[in-house]
Amino acid sequence: FDDRYEGVKGTPYVFEQFRQGEVFLKSKKKVVVKELNYNCMENEIVYLDPATKVTRLMNRFKVDLFMLHDGTEMITFVPVKLEEDAETIFAHVLYNKGSMVYKVYEKDWVKANYEGGYSADRKYDEFVDKYNLYFMKEGDKVLYKAKKSKKQMLAAFPEQEKEISSFIKSNKLDLKNEESL
């Protein structure tokens, strides 16, 4: 009997715990939900039914946007299309002042690997957090994937190259950090 397997770590949801949120429907109705979350692996908006504590799905095609309480503030998720023929997914709005910056949450599923001579000795399956940043220039309808280097950021905004370069240098920004980006 092999009892080395330890189960699953992590969650397919953006946040470990469900949070209070608000859902804005395309019918212009606002729904306040006590326990809401987003399953970024399956692209599903989920909530806990208050009466039964069963996880239920919302019809994402009827949702215009939703907001989750993140301790101190409400964070907004809006539908975006990353590619022409791609499915619409929900992205966290990081910046919305003319140009837009979105954070797209992703999860990888890593299987347990503890058997065999060259195993990683990982005794659990795990959901691993990942994210990508995308931006849309003011007046543009194209979504660009943000490369996390100074050279690529300057290439994305050639008109403001000098200003951006001096801003990065004077503030000693690390573009691998989402706040700096």
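In this report, we go over the structure that sits alongside the text. (Residues numbered from 1 in each chain as written. Predicted model: local features only at pLDDT ≥ 70, side-chain atom pairs only at ≥ 80, totals over all residues. Heavy atoms only, no water.)

Some details on the overall build of the protein
The secondary structure content of the protein amounts to two helices and eleven strands. Ordered by position from the N terminus, the helices and strands of the protein form the series β-β-β-β-β-β-β-β-β-β-β-α-α. With the principal axes as the frame, the protein shows a C-alpha extent of 65 × 55 × 35 Å. When burial is assessed residue by residue, the protein has 34% of its 181 residues classed as buried. (Helix = DSSP H or I, 4+ residues; strand = E, 2+ residues; numbered from the N terminus. Buried < 20%, exposed > 50% of the residue type's maximum accessible area, 1.4 Å probe, protein only.)

Considerations on unusual backbone geometry
Of note, the phi angle at Asn43 is positive, near 55°, even though the residue is not glycine. Its place among the elements puts Asn43 in the loop between strand S3 (30-39) and strand S4 (44-48). Of note, Lys53 is a non-glycine position whose phi angle comes to about 60°, a positive value. Here Lys53 shows up in the loop between S4 and strand S5 (55-57).

Structural notes on the environment of Phe18
Its place among the elements puts Phe18 in the loop between strand S1 (8-9) and strand S2 (19-25). Residues Phe18 and Gly139, spaced 121 residues apart in sequence, show a C-alpha to C-alpha distance of 36 Å.

Quick notes on a nonpolar patch on the surface
Taken together, the side chains of Tyr5, Val8, Met41 and Trp109 make up a nonpolar region of the molecular surface, amounting to roughly 360 Å² of accessible area. Relative to the helices and strands, Tyr5 is located in the segment before S1. (Patch = residues over 30% accessible without salt bridge, like charges linked within 9 Å, V, L, I, M, F, W, Y side chains within 5 Å. Areas by Shrake-Rupley, 256 points an atom, 1.4 Å probe, with all protein chains shown as cover. Salt bridge = Lys/Arg side-chain N within 4 Å of Asp/Glu carboxyl O.)

Regarding the pattern of salt bridges
Side chains carrying opposite charge are able to pair once their charged atoms draw close together. Applying the stated criterion across every chain yields a total of eight salt bridges. The salt bridge involving Lys53 is made with Glu35; its shortest N-O contact spans 2.9 Å. A residue pair is termed long-range when its members are at least 10 positions apart, and Lys53 in the loop between S4 and S5 and Glu35 in strand S3 qualify at 18 residues. Residues Lys107 and Asp129 are paired through a salt bridge, measuring 2.3 Å at the closest nitrogen-oxygen approach. Placement of the pair is Lys107 in strand S9 (residues 99-110) and Asp129 in strand S10 (residues 125-136), with a sequence separation of 22 residues.

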